[in-house]
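# Per-entry structural report
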Amino acid sequence: MQAIRKFINNKMSMNRDLLLLLVIGGLYALGIFLSNTFVNIYIWKQSGDYITIALYNLATYIFQAMTFIVAGRFAKRVDRIIVLRLGVIFLALFFLSVLLIGNHASTYNFLLGSLLGIGYGFYWLAFNVLTFEITEPDTRDFFNGFLGILQSFGGMIGPLLAGIIISNMNANVGYTTIFTISLILFICSVAISFLLKRRSAEGSYQFFQVLKERKNNKNWKRILHAHFLQGLREGVFAFVISIWVFVLTQSEFALGIFNLFLSGISIVLYFFATKYIKPAARKKAVLIGSILLSISSFIFLFPIDFIFLIVYAVFIGIAYPIINVPYVSLTYDVIGHARNAKELRIEYIVVRELFLNVGRIISIVIFIVLVHLFTAVKVIPILLVVLGSAHLFIYLYVKNISLGSHKKREILIKDQITDEKDR
């Protein structure tokens, strides 16, 4: 425990904005994990229909992708902190709408998903840009790892607390309570954002230029393809697993226990990943995590019960931190080495998120088509195995990324060429 405290204290001396951004990220994680998992259950209990849930999530990703493009333009014209606040405000409006709509949530599933997607778009654009600006290559792994710990803590406490509240109250009162708590947490996030140093941007918004840059920069093309594949897995997995846990157990408390296992293991693994996965070992870590994640999806080919789902939670609780800490850091390093990264950092993040969300959208569209054409209980396990293997292909792109040494990069810049061999 003393070693952990010493490690955190040394890292926290970096700067004030980094700490504040971590606090905002932690509050966001707690607010989202407390309620958003249960919005899917809330809608499921009203409709009992996979397509209704899928359309809610599809709307979220469509509007998140579109909002990223708009938010990028905003971030070039106004302060990034304002964009962050807009995101949190829309997320608060989402939970307020859920409270007001109540028992008609399944009828307005697309509207609710749209509001959530807009909130996500503004929030994550600003948060990712601020992460890129506030962190340096030597602090990036720590920030991503410690943020992962906070998110895992939120994922452990939030659903468990929500499950306890819902299980011990009248269903509607319980859901109203957790949605209200989330609303308060987002209001707190907005308040804390006023303590962040204002960060204005300069220059014109060059979204299409950065989108075309993948033709010239192989590393940029590879990391974009990797994020598209990441989205293919995340789109369906984001809601199907929680629905299955609830369908099997008919208990929100059991869903809280599931997330307790998943996030509790992730907290420990995020700490070790942050401390021990060095830049030189990033690709190997992505490979190991991807293999574990892919193996875990084969669990769904067997008759599923709650024990099998807990085993799955253990697998992904181990795998995700091993992948995410080096993968996210590598992504930011690729952006940092890209052409005009300082001036176009916002555009690079927008394009990255666009590829990620297009992957999620395609994933859910495939899900909707297959569930419409075939029996859900038969086709979903096969689809999960296929999409669950996407991270192995991520490694095939990541392993070929080569950033070169800092010294080499300076020489290449002087020669006015890039480190791409066939530029």
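Above this text you will find the structure in question.
Residues numbered from 1 in each chain as written. Predicted model: local features only at pLDDT ≥ 70, side-chain atom pairs only at ≥ 80, totals over all residues. Heavy atoms only, no water.

## Observations concerning the packing of helix H5 (residues 109-134) against helix H13 (residues 341-373)
Formally: Angular values range over 0 to 180 degrees, each being the angle between N-to-C directions of two axes fitted as lines to C-alpha atoms, with helices fitted over their stretch in contact. What counts as a helix is a DSSP run of H or I of at least four residues, what counts as a strand is a run of E of at least two, and both are numbered from the N terminus. An angle counts as roughly parallel when it lies under 35 degrees, as roughly antiparallel when it exceeds 145, as roughly perpendicular when it falls between 65 and 115, and as oblique in every other case. For any pair of crossing helices, the crossing counts as left-handed if the nearer helix is rotated counterclockwise from the farther one by less than a right angle, and right-handed if it is rotated clockwise. Whether two residues are in contact is decided by their heavy atoms: any pair within 4.5 Å suffices. Residues were grouped as follows: Ala, Val, Leu, Ile, Met, Phe, Trp, Tyr, Cys and Pro as nonpolar; Asp, Glu, Lys and Arg as charged; and all remaining residues, including Gly, as polar.
Where H5 contacts H13, the axes come no closer than 10 Å and their chain directions differ by 140 degrees. It follows from the interaxial angle that H5 and H13 lie oblique. For the crossing formed where H5 meets H13, the hand is right-handed. For the pair formed by H5 and H13, the contact residues are Leu125, Asn128, Val129, Phe132 and Glu133 on the first element and Ala341, Arg345, Ile346, Ile349, Val350, Arg352 and Glu353 on the second. Across the contact of H5 with H13, the residue classes tally to 7 nonpolar, 1 polar and 4 charged.

## Regarding the packing of helix H11 (residues 282-297) against helix H14 (residues 376-388)
Between H11 and H14, the shortest axis-to-axis distance is 8 Å and the interhelical angle comes to 170 degrees. Relative to H14, the element H11 lies roughly antiparallel. Within the contact between the two elements, H11 uses Leu293, Ser294 and Ser297 and H14 uses Leu384, Val385 and Gly388. Per-class residue counts for the contact of H11 with H14 are 3 nonpolar, 3 polar and no charged.

## Examining the environment of Leu84
With respect to the helices and strands, Leu84 occurs in helix H4 (residues 80-101). If sequence neighbours within four positions are ignored, Leu84 has contacts with Ile24, Phe122, Tyr123, Ala126, Phe127, Leu130, Ser193 and Leu196.

## Digging into the packing of aromatic side chains
As a reminder, the rule being used: When two rings of Phe, Tyr or Trp (its six-membered ring) have centres within 6.5 Å they constitute a pair, described as stacked for plane angles under 30 degrees, edge-to-face for angles over 60, and tilted for the intermediate range. Relative accessibility under 20% of the residue-type maximum defines a buried residue, over 50% an exposed one, and the middle range a partly exposed one, all with a 1.4 Å probe and only protein chains included.
A full pass over the atoms with the stated rule returns 27 aromatic pairs. Between the aromatic rings of Phe74 and Phe122, the centroid separation amounts to 5.9 Å while the plane-to-plane angle is 45 degrees, which identifies the pairing as tilted. Of the two residues, Phe74 sits in helix H3 (residues 50-77) while Phe122 sits in helix H5, which places them 48 residues apart along the sequence. Using a relative accessible area of 7% as the deciding quantity, one classes Phe122 as buried. Taken together, a centroid distance of 4.9 Å and an interplanar angle of 80 degrees make the contact between Trp220 and Tyr348 edge-to-face.

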